[in-house]
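Structural description and commentary
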Amino acid sequence: MLDAAAIREDSERVRLALAKRGVHVDLSEFLAMDEEFRRSRTESEQLRAERKKLSGEVAKAAREGGDVEALREQAKAVGTRLAELEARLGEVEEARQRFLDALPNLPDDDVVAGGKENNAVVRESGSKPEFEFTAKDHVDLASGLGLIDYKRGAKLGGSGLWVYSGNGAMLEWSLLNFFVEEHRKDGYEFVLPPHILTYEAGYTAGQFPKFADEVFVIEQGEDGRPAKFLLPTSETALVNLHRDETLPEAELPRKYFAYSPCYRREIGSYRASDRGTLRGHQFNKVEMFQFTRPEDSAAAHEELIGKAEALVAALGLHYRVSKLAAGDTSPAMARTYDIEVWLPSLDSYIEVSSVSNSRDYQARRGNIRYRPADGKSAFVHTLNASGLATSRLLPAILEQHQQADGSVVVPEPLRKWVGAEILKAPGA
RNA sequence: GGAGGCUUCGCCUAGUCUGGUCUAUGGCGCCGCACUGCUAAUGCGGUUUGGGUAACCAACCCCAUCCCGGGUUCAAAUCCCGGAGCCUCCGCCA
C-alpha cells in the first residue's frame, strides 16, 4: 500500500512513477475522497467527544439528582447525528481504501519505464555451452533418463503436473538440500510454513484483492473473498511472519528462508515454450526473505542478488542478471532483478530467481513495524528472493550438462545427495 | 463432528455477576533518579498502542484501542447475538 500522505503531498511524483508501469490513474479522484474522509473523520471525532461529555453529565445528574431526561435527549440527538455521519464516513473510507489497495508500488527512480522489452541485462556469467552433437531438449532428456514422468503426472492431477521419480526425485531433492545448506551457512533461519493461508496473509503480500484468481482457493468466504488459499510462493507466508508486530531495532535485519511447493492456477498461460516443468500448477522453491530497516534495504537487496547468483554459478550454469523495467516488476515491488539461466533448446534465458525490494509497501499492508532506538515506530522494508526455483533449474542443468551419449553430468555440489556423478539412461 | 472453559498493557493478573468516575488494578520486566567501593538489595518516579490536531522539537488537547464483527443504551472491557484463536474432554482418524 502506498502512503496516502505521500500522495497528498506530491501527487504528480506518484502519478509519473505509476505511469512508468503503464498504470495511469486519476489521483484527483483519490485526493477528493481523501479530503472528504479526513474531514468527516475529524467531524465525527468531535461529535464523539461531545457525546462523551454529555454522557458524563448524565451520569453526574443521575448521581446528584439533576435533570437526567433533558440531558439524555440532548445526548441522543448527538448520537443520531453521529450515526448518520459515520455511515457516510464508512462509505468514503471504504472507497478510499479500495483505491489505495489497487495501486501498485512506486518503482524506484532508477527503474526504467515500460514493459519487458525494456529489461536490461546488467551482467552475464559463463558462456553458452557448445555441443558437437545434436543436443536434446530437457523434456527428452528427463524422459530418456527416467527422471520425470510427465504422462503419469497428468494422469494423477491433470495437465501442468508431473512426477519426479528415481534419480529425478533425488536430483530435485538434492537441489533443495543444497539451497538449505547454503542459506543456513549464511545465517538465515529455516522456516517450513503452512501451505494454507488466510485472506489477510494474501492481502499483506499484495496478492489480494487484485490477483485473487491466480491462486487455488480452498475455502470461499461469505463475503466472496478467498478465506483460505494455497500459497503461490512461500514469500506469501514469510512476509506474514511478523504481520501486526513491532520488531525491536536490534533484531533487524531478520533473515529467513523457507521451502514449500508453490501452487498456481496459471490460467491460459501455457505456450509451446512452457513444455515440461517450465510452467506448472505446483513447483518446488526455496525462498529467501528479509525484514530490514529502511536504510539497510538497498544493501540487503544486493546481498540477496549475490546469494541467488552464487547458487546458479555453483551449479555450473551459464546465466545472466537482468534489471526489470517498471512494467515487468511485480505490483508490490519497487525494484526487481531476475536471474535467468540459459536454456539451449529455447535459445533463450529463463527466470530461475526474482529478487525484489518491496520497501515499505508490504509492511504498510501488513502493519509490520520496528522501533528505532530513539523514537516513533516506523515501517520496516521487506525483500524477497527465490533461492531458487527448481522446476526451471533442473531443465537447464539437464540441457547445459548433457553429454553426447544422452547422459547428464551431475553438478558437483549435488553429487553427495544424488549419489552419482553422472546420470545415465536406465539399462545404459 | 459434539460439550465446556478461556482471550484485558512486553509477560502474568484485578476488574465483567451489579454498564458511567476504567486504558484499566497489582506484580514482573524495562528506563530514569536516589542510596551504596562496584554489583545486588532498597526507595522514589516513569512505562499500551495507533491515529488526528499542532508543529523546530516537545507538551497540551481530541478520537480509537480490554480477540474480531454486529446489537442494546444517553453511555459497553462490563449486557445480548455472531465469528476467530487457544485449552480440556468425548468421537473419528494418519
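Let us look at the structure shown here. Quick caveat, the model's predicted, so the values are computed rather than measured. (Residues numbered from 1 in each chain as written. Chains lettered and ligands numbered in written order. Predicted model: local features only at pLDDT ≥ 70, side-chain atom pairs only at ≥ 80, totals over all residues. Heavy atoms only, no water.)

1. Remarks on the protein's contact with RNA strand B
Selection rule: For each residue, the test is whether any non-hydrogen atom lies within 4 Å of the molecule or strand; if one does, the residue is near. Within 3.5 Å is the distance limit for a polar contact, defined as a pair of N or O atoms, with the added protein rule that one can donate a hydrogen and the other accept it, and that residues adjacent in sequence qualify only through two side-chain atoms. Segments assigned H or I by DSSP are reported as helices when at least four residues long, segments assigned E as strands when at least two residues long, and all are numbered from the N terminus. Basically, the charged four are Asp, Glu, Lys and Arg, the nonpolar ten are Ala, Val, Leu, Ile, Met, Phe, Trp, Tyr, Cys and Pro, and anything else, Gly included, counts as polar.
For RNA strand B, the set of nearby residues contains 17 residues, the closest of which are Ala49, Lys52, Ser55, Ala75 and Ser377. Close to the protein, within 4 Å, the atoms of RNA strand B are drawn from sugar and phosphate at a rate of 70%. Side-chain polar atom of Lys52 to a phosphate oxygen of RNA strand B: 3.1 Å apart, as the coordinates give it. Mapped onto the surface near RNA strand B, the elements with two or more residues apiece are α3 (27-64), α4 (68-102) and β14 (369-371). A class-by-class count of the residues in the surface near RNA strand B yields four nonpolar, two polar and eleven charged.

2. Comments concerning unusual backbone geometry
Here the residue pair Phe208 and Pro209 is connected by a cis peptide bond, since its omega of 0° sits within 30 degrees of zero. Within the secondary structure layout, Pro209 lies in the loop between α8 (199-205) and β6 (217-220). A cis amide bond, omega 0°, links Gly387 with the succeeding residue Leu388. Inspection of the secondary structure puts Leu388 in strand β16 (residues 381-389).

3. Considering the packing of aromatic side chains
Under the convention used in this document: In this scheme Phe, Tyr and Trp rings, the latter by its six-membered ring, pair at centre separations within 6.5 Å, and the angle between planes marks the pair as stacked below 30 degrees, edge-to-face above 60, and tilted otherwise. Note on exposure labels: buried denotes an accessible area under 20% of the residue type's maximum, exposed denotes more than 50%, and partly exposed covers the range between, all computed with a 1.4 Å probe on protein chains only. Throughout this description, the term charge over a ring refers to an Arg CZ or Lys NZ atom that lies within 6 Å of the ring centre and within 35 degrees of the ring normal.
Scanning the entire structure with this criterion turns up ten aromatic pairs. Ring geometry for Tyr256 versus Phe291: centroids 6.1 Å apart, planes at 90°, classification edge-to-face. A residue pair is termed long-range when its members are at least 10 positions apart, and Tyr256 in strand β9 (residues 254-263) and Phe291 in strand β10 (residues 282-292) qualify at 35 residues. Ring centres of Phe289 and Phe291 lie 5.0 Å apart, and the angle between their planes is 55°; this geometry places the pair in the tilted category. By relative accessible area, Phe289 is classed as buried at 0%. According to the relative accessible area criterion, Phe291 is buried, its value standing at 0%. Members of the aromatic cluster, connected to one another through ring pairs, are Tyr199, Phe208 and Phe229. Across from the ring centre of Trp342, 4.4 Å away, lies the NZ or CZ of Lys128, which sits over that ring. Its end group placed over the ring of Tyr203, Arg365 keeps NZ or CZ at 4.2 Å from the ring centre.

4. Focus: the pattern of salt bridges
Threshold: Salt bridge, as used here: a side-chain nitrogen of Lys or Arg that lies within 4 Å of a carboxyl oxygen of Asp or Glu.
Applying the stated criterion across every chain yields a total of 30 salt bridges. Here Glu295 and Arg293 are joined by a salt bridge, their closest N and O atoms 3.5 Å apart. Classification of Arg293 by relative accessible area gives partly exposed; the value is 24%. Across the pair Asp296 and Arg293 runs a salt bridge whose closest N-O atoms are separated by 2.8 Å. What you see here is one network of salt bridges that share partners, running through Asp108, Asp110, Lys323, Arg335 and Arg359.

5. A closer look at the sheet that holds strand β12 (residues 335-343)
Applied cut-off: At least two DSSP bridges between two strands are needed for those strands to be called paired. Interaxial angles span 0 to 180 degrees and are taken between N-to-C directions of axes, which are lines fitted to C-alpha atoms, for helices over the stretch in contact. Should any heavy atoms of two residues lie within 4.5 Å, those residues are considered in contact.
Spatial ordering of the open sheet is given by β1-β11-β12-β13-β16-β10-β9-β4, a layout of eight strands whose pairing is mixed. The open sheet has two edge strands with one neighbour each: β1 (120-125) and β4 (189-191). Within this sheet the neighbouring strands show an average axis-to-axis angle of 25°, counted without direction. Of the pairings in the sheet, the one linking β1 to strand β11 (residues 319-323) comprises five bridges and is antiparallel in character. The residue bridging Val121 from the neighbouring strand is Ser322, located in β11. Contacts from helix α10 (residues 297-314) reach β1, β9, β10, β11, β12, β13 (348-359) and β16, with the element oriented near 5° to β16.

6. Observations concerning empty space enclosed by the protein
Convention followed: Lining residues are those with an atom within 4 Å of a point, where the points come from a 1 Å grid over the protein atoms alone and group into cavities, where a 1.4 Å probe fits but cannot get out, or pockets, open sets with protein on both sides within 12 Å along at least five of seven lines. Grid points are joined across faces, edges and corners, and a volume is the space filled by probe spheres set on the points.
Counted according to the given criterion, the structure contains one cavity of 30 Å³ or more. Computed from the structure, the largest cavity encloses a volume of approximately 50 Å³. Lining the largest cavity, in full, are Asp101, Ala102, Leu103, Pro104, Gly206, Phe208, Lys210, Phe211, Pro331, Tyr361 and Arg365. Those elements giving two or more residues to the lining of the largest cavity turn out to be α4 and α11 (361-366). Partitioned by chemical class, the residues of the lining of the largest cavity number seven nonpolar, one polar and three charged.

7. Side note on α4
The condition is simple: By this rule the span expected of a helix is its residue count minus one, scaled by 1.5 Å.
Given a rise of 1.5 Å per residue, 35 residues ought to cover 51 Å, and the 50 Å separating the end C-alpha atoms of α4 matches this to within 8%. Buried residues of α4: Leu71, Ala75, Val78, Gly79, Leu82, Leu85, Leu89, Val92, Arg96, Phe99, Leu100 and Asp101, and no others. Where α4 is buried, its residues meet α1 (4-9), α3, α8 and α11. The opening residue of α4 is Asp67, an N-cap whose side-chain oxygen sits 3.4 Å from the backbone nitrogen of Glu69.

8. Concerning the sheet that holds strand β8 (residues 246-248)
The strand order β8-β14-β15 describes an open sheet built from three strands, whose pairing is mixed. The sheet is open, and its two borders are formed by β8 and β15 (378-379), each paired with just one other strand. Across three bridges, β8 lies against β14 in parallel orientation. The residue bridging Pro248 from the neighbouring strand is Arg371, located in β14.

Any functional reading would require information that these geometric values do not contain.
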